[in-house]
Amino acid sequence: MYSKISILLLLAFMSISSMAQTVRNNYPNFQSPKRETRAVWLTTFANLDWPKTYATSPENIERQKQELITLLDQYQQANINTVLLQTRVRAATIYPSAIEPWDKCITGKEGKAPSNGYDPLKFVVDECHKRGMAIHAWIASMPAGSKHSLGARMLVQKGFKLRYLSTGAYLNPADSQVPNYLAQICGEVVRNYDVDGIHLDYIRYPDGWSSPTGRYGDTRDDRRAQITNIVRAIHDQVKAIKPWVKMSCSPIGKYADLNHYSSKNYNGRDRLSQESQEWLRQGLMDQLYPMQYFRGTNYYPFLADWEENKHAKEIVSGIGTYFLDPREGNWKLNEVKRQMNVSRDLGIGHAHFRSAFLTNNKQGILDFEQQFNAYPALPQALESKQQTVAAPSYCKDNDLIMSEDSNTKLLAWEGISPYYNIYASKTFPVDITKAENMVYAKFSGKMLTLKNPYQQHNIHYAITAIDRFDNESIALQERSRTTTSTHSVMLSNDGITLELPCKMVAFKARYYTVETLQGNIVRQLSGTPKGNTVSIIGLPNGMYKLKAMYPHSKFASNIGFFFVNN
């Protein structure tokens, strides 16, 4: 019997003539997932993606900011939820660092800070969070720029013995100073900025480095251990400061040779000493973004290998979107569509390299991204930090909907979480498992004004809290709105007693049942309530439905729903 992965690979290798007509519906199980990382690499090196304007005056600072806002708005329209921002470029940074100089991409001059206290990294972090996007600081680890760059010269002054290759200067992974130095830089970013992740690039031996000598201290195993020591130092530093910050890297797209498919003498583990799958197993990485800038048998078998060896962590496939530009390659849009489709059906997210090729809509890729991501999605929660999140609550004695008229609805709630998800649906209670019901993901605030909400009547709302580890709470549903489709209501309770509608009490039920929304009976209650209440002491927090069994009836009647949040 074929495994799911085998079947998907067979789909990927269908004939070119049939694939030319590929649309989303040709692939199985194409329901938009509620959780999926959708990312883009935003390059600052040599001003390739951003910024295009140097921050040399107040007016130019505003232009630089507006360029970023335009990009983020394009991402948001395509429901992209993660931005990988190049923060340490080449031994230089895009923020005021106490360790390394300013990169020239910001002002046009190495070491020159922008005026008026402008901090590009803080600005990007704030703008991403306004849009519910995660922002990961992309750190170029080993490269130090050209031999005569300010960053490289400062590293030499600090005692580092750089290696000089045709592609530039590099830190030596065997240098015992390197792990702590790079950890200090990542720690500085995490301590001073509200980033959601640290994303390591070029965390490996550089191309062109001489092969291991095989002598003591310079074997293949020694080199792998050296790189892993650097990763461990960064991980330990970051997690000690903010344990919710996700650790990730962009490894070479092929981890190692497979049984039936060769990496053609270029892979992460054996060629460049990059044991990224082992980092997942050891918990040093929460995510991997393998740079899978390949096609056909160079892509799909290796995609399956990443998925099969993720050790309960997350894989996000790096897509070679830049090959859609005829100056870079000869890819057609269908190739990228196919890779995104198969990746999604394996439960794998995707990341575009790089931003300009996406936002410039090469061959219609941004249009497709908007179609592909029809609904918002949450990032994957950290597997090691699954925990209960305190649900939001009603404001005093009010409902979720504080006020409404023909043009607006005002939603308000209380809570202690940094972010909230807002859901809406025509049915009640709102099903928060469906991506299509999500209106806002990771909304920062406790009040939301909706203008012309769906331009429909009988829309119901629910709110969940989401913590820094991306865990989600149970839903706070509307308190007492009636839907014409189910004729069910929200029942009031204080966590101890549940209030029954007076007309239900008058019918004198034989007994009541409390069920989960999936229909599992968790408690049977007496049909003779005290006054108009029944006891619900001890019920765990969550959403329930109440049914009544009446005399001379074979079927239970739906009374309504209630929400326990003690």
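Residues numbered from 1 in each chain as written. Predicted model: local features only at pLDDT ≥ 70, side-chain atom pairs only at ≥ 80, totals over all residues. Heavy atoms only, no water.

Caption draft 1: How the structure looks around the overall build of the chain. What the chain contains, in helices and strands, is 15 helices and 25 strands. Here the chain holds 566 residues, and the buried ones make up 57% of them. For the chain, restricting intrachain contacts to residue pairs at least 6 apart in sequence, the fraction spanning at least 24 positions comes to 71%. Only carbon and sulfur atoms are counted for the fraction: they give 49% of the accessible area of the chain, which is about 24700 Å². (Helix = DSSP H or I, 4+ residues; strand = E, 2+ residues; numbered from the N terminus. Buried < 20%, exposed > 50% of the residue type's maximum accessible area, 1.4 Å probe, protein only. Contact = heavy atoms within 4.5 Å. Areas by Shrake-Rupley, 256 points an atom, 1.4 Å probe, with all protein chains shown as cover.)

Caption draft 2: Layout of the pattern of salt bridges. Counting across every chain of the model gives 27 salt bridges. Across the pair Glu 36 and Arg 344 runs a salt bridge whose closest N-O atoms are separated by 2.7 Å. Of this pair, Glu 36 sits in the loop between helix H2 (16-19) and strand S1 (38-42) while Arg 344 sits in helix H12 (residues 333-345), and the two are 308 residues apart along the sequence. Each member of the pair, Glu 36 together with Arg 344, is buried. Salt-bridge contacts for Asp 470 lead to Lys 246; the nearest nitrogen and oxygen are separated by 3.2 Å. You can see Asp 470 sitting in the loop between strand S17 (460-466) and strand S18 (476-477) and its partner Lys 246 sitting in strand S7 (residues 246-249), a full 224 residues away along the chain. With a relative accessible area of 4%, Asp 470 lands in the buried category. (Salt bridge = Lys/Arg side-chain N within 4 Å of Asp/Glu carboxyl O.)

Caption draft 3: Expanded view of the confidence of the model for the chain. Scored by pLDDT, the chain has a mean of 89; 89% of the residues are at 70 or more. For residues 13-29, every residue scores under 50 in pLDDT, and the model assigns this stretch 31 contacts once sequence neighbours within four places are set aside. Scored below 50 in pLDDT, residues 482-487 makes 10 contacts in the model with residues more than four places away or belonging to other chains. (pLDDT = per-residue confidence, 0-100.)

Caption draft 4: Geometry of the pairing of strand S16 (residues 447-451). Only one face of S16 is covered, namely the one carrying Leu 448 and Leu 450; the face carrying Met 447, Thr 449 and Lys 451 has none of its residues buried. Note that strand S13 (residues 408-412) and S16 share five bridges and pair antiparallel. Following the sheet pairing, Thr 408 is matched in S16 by Lys 451. (Pairing = 2+ DSSP bridges.)

Caption draft 5: Here's a closer look at the pairing of S1. Within S1, five of the five residues are buried, leaving the element largely enclosed by the surrounding structure. Going residue by residue along S1, you find Arg 38, Val 40 and Leu 42 tucked away on one face and Ala 39 and Trp 41 tucked away on the opposite face as well. Direction of pairing for S1 relative to strand S11 (residues 349-352): parallel, over a ladder of three bridges. From the neighbouring strand, Val 40 faces S11, where its bridge partner is His 352. Where the polypeptide runs from S1 across helix H3 (residues 58-77) and back to strand S2 (residues 82-88), its parallel neighbour, the crossover connection is right-handed. (Right-handed = clockwise from strand over helix to strand, strands pointing away.)

Caption draft 6: View of the packing of helix H7 (residues 178-192) against helix H8 (residues 220-241). Relative orientation of the contacting elements H7 and H8 amounts to 30°, with a least axis distance of 8 Å. Here H8 runs roughly parallel to H7, going by the angle between their axes. When you trace H7 past H8, the crossing you get is right-handed. Touching Val 178, Pro 179, Leu 182, Ala 183, Gln 184, Cys 186, Gly 187, Val 190 and Arg 191 of H7 are Asn 229, Ile 230, Ala 233, Ile 234, Gln 237, Val 238 and Ile 241, all from H8. Of the residues in the contact of H7 with H8, the class split is 11 nonpolar, four polar and one charged. (Axes fitted to C-alpha atoms, helices over the stretch in contact; angles between N-to-C directions. Parallel < 35°, antiparallel > 145°, perpendicular 65-115°, else oblique. Left-handed = near helix turned anticlockwise from the far one by under 90°. Nonpolar A, V, L, I, M, F, W, Y, C, P; charged D, E, K, R; others polar.)

Caption draft 7: A look at the side chain of Gln 274. Mapped onto the secondary structure, Gln 274 falls in the loop between helix H9 (268-272) and helix H10 (276-282). Polar side-chain contacts of Gln 274 include one of 2.9 Å to the backbone nitrogen of Ile 252. When sequence neighbours within four positions are dropped, the list of residues in contact with Gln 274 reads Ile 203, Arg 204, Ser 250, Pro 251, Ile 252, Tyr 255, Gly 268, Arg 269 and Trp 279. (Polar contact = N/O pair within 3.5 Å; in protein donor to acceptor, adjacent residues only side chain to side chain.)

Caption draft 8: How the structure looks around the sheet that holds S17. What the four strands build is an open sheet, ordered S15-S14-S17-S18; its pairing is antiparallel. Sheet topology places strand S15 (438-443) and S18 at the edges, where each strand pairs with a single neighbour. Strand direction decides the pairing type here: strand S14 (residues 419-425) and S17, joined by seven bridges, are antiparallel. Its bridge partner lying in S17, Ile 422 is registered against Ile 463.

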